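Now for the letters of each chain:
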Amino acid sequence: MATRAARHRMPGRLLAGGASAVLIASVALVIALFAADSEPRDIGGIGGPSLFVGWLLPLLRLVATLATVGCAGALLAAVVLLRIEGGSLGVQGRRAVRDASNSAIIWAVCAFAGAVVTAAILLDTPVDLLRLRLDDALGVPEVKALLITGILVVALAIGIRRVQTSSAAGLGVVVAITALIPTAVTAYPRNESYVVLAGAALVFHVIAATTWIGGLAGLVRYGRASRTGLRIVLERFNQVALISSVTVLLSGLISAAGRLAAKGGGWDGALDAVTADSYGPLLVAKIAVFVVLIVAAALRRRKAVDNLLESGRGFWKIVGFELFVMALTLGLSVALSQTA
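These numbers were taken from a predicted model, which means no experiment stands behind them.

**Comments concerning unusual backbone geometry**
Most peptide bonds take the trans form, and the phi angle of most residues other than glycine is negative.
Turning to step 1, where the next piece is worked out: In this structure, D124 is a non-glycine residue whose phi angle is positive, near 50 degrees.
Turning to step 2, where the next piece is worked out: In this fold, D124 is placed in the loop between α3 (91-122) and α4 (134-138).
Turning to step 3, where the next piece is worked out: For D124, a relative accessible area of 47% gives the class partly exposed.

Below you can see the structure in the form of structure tokens.
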């Protein structure tokens, strides 16, 4: 009876958790944009996209990022955290791939909508008139990247919907990682060495961050279903989180250094670029939040050692705080992309 009740409550908790993440990240995004003086503005021109469309772009990016995290976390849970002998997916594993498919649908919708909004902004054309400039829109690299991502994610959503084995779900992980690459690559289109380095590092940064945050979300979503199996799931997640967090740190520093060098006109001007515009303060804020995240992760691991199964409430409070900080980080990350 308790299991059945919990099973019915979980979708409500999932929706509440997802809505909370969107709200927290959205608030962080809006505050960061205004603080950095990078918010979308109505420039008063005639014939261009509206202010609403300008705000729609970062919000679509944010929802797409959160959906990506949800999809990656569910797939990671199915393939790694909930792995069982024999290669078949258990009940929780099959539930995870369905969740991943649902998240992928949201991700795809945001990618296609983002392509339309991006084209309208970059071509300075109202959305309802883009059909008259279709060739121009399809020639914009950012638009093409979003369309490629959307197509890949649609295939992902359909392909993983009813998979029954961890190997098939693993192929879904490969497709999901591939779908992250196009938009990351187009973030730094120029050919200077430091820009290429920043773009390459950003690809690893996005993949590692998505794996880390998604894995923690997967731990909360699926690890709590079995108290006896929670310790095993947690051990597996800690291994993934260690690799991911180190990769996030190193790749983030390299990407930021390359971005600052691009802003400063070379490596010599990278430090000056920290205070030159809004990118520097936002970067410092993100680094500070990352430090808090590392501390929270350390507390979670320490709490897990101390009688997790007997007194796990304190552990889950720390995990909840960690997810809260991660949502703030995602909001700051999207704000940073707006200043790039």
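This is not the end of the story, as more comes after the structure.
**Section: the pattern of salt bridges**
Turning to step 1, where the next piece is worked out: As enumerated under the stated definition, the model contains two salt bridges in all.
Turning to step 2, where the next piece is worked out: D136 is the partner of R133 in a salt bridge, and the nearest nitrogen-oxygen pair spans 3.3 Å.
Turning to step 3, where the next piece is worked out: R133 gets classed as partly exposed once you look at its relative accessible area, which sits at 30%.
Turning to step 4, where the next piece is worked out: D136 sits in the partly exposed class, given a relative accessible area of 40%.

**A closer look at the packing of aromatic side chains**
Turning to step 1, where the next piece is worked out: By the definition in use, this model includes three aromatic pairs.
Turning to step 2, where the next piece is worked out: Aromatic pair W212 and F290: ring centres 5.9 Å apart, planes at 75 degrees, arrangement edge-to-face. Taken together, the residues W212 in helix α7 (residues 193-223) and F290 in helix α10 (residues 279-305) connect sequence positions 78 residues apart.
Turning to step 3, where the next piece is worked out: Given the relative accessible area of 3%, W212 is considered buried.

So, how was this worked out
- Residues numbered from 1 in each chain as written.
- Predicted model: local features only at pLDDT ≥ 70, side-chain atom pairs only at ≥ 80, totals over all residues.
- Heavy atoms only, no water.
- Helix = DSSP H or I, 4+ residues; strand = E, 2+ residues; numbered from the N terminus.
- Buried < 20%, exposed > 50% of the residue type's maximum accessible area, 1.4 Å probe, protein only.
- Salt bridge = Lys/Arg side-chain N within 4 Å of Asp/Glu carboxyl O.
- Phe/Tyr/Trp six-rings, centres within 6.5 Å; stacked < 30°, edge-to-face > 60°.

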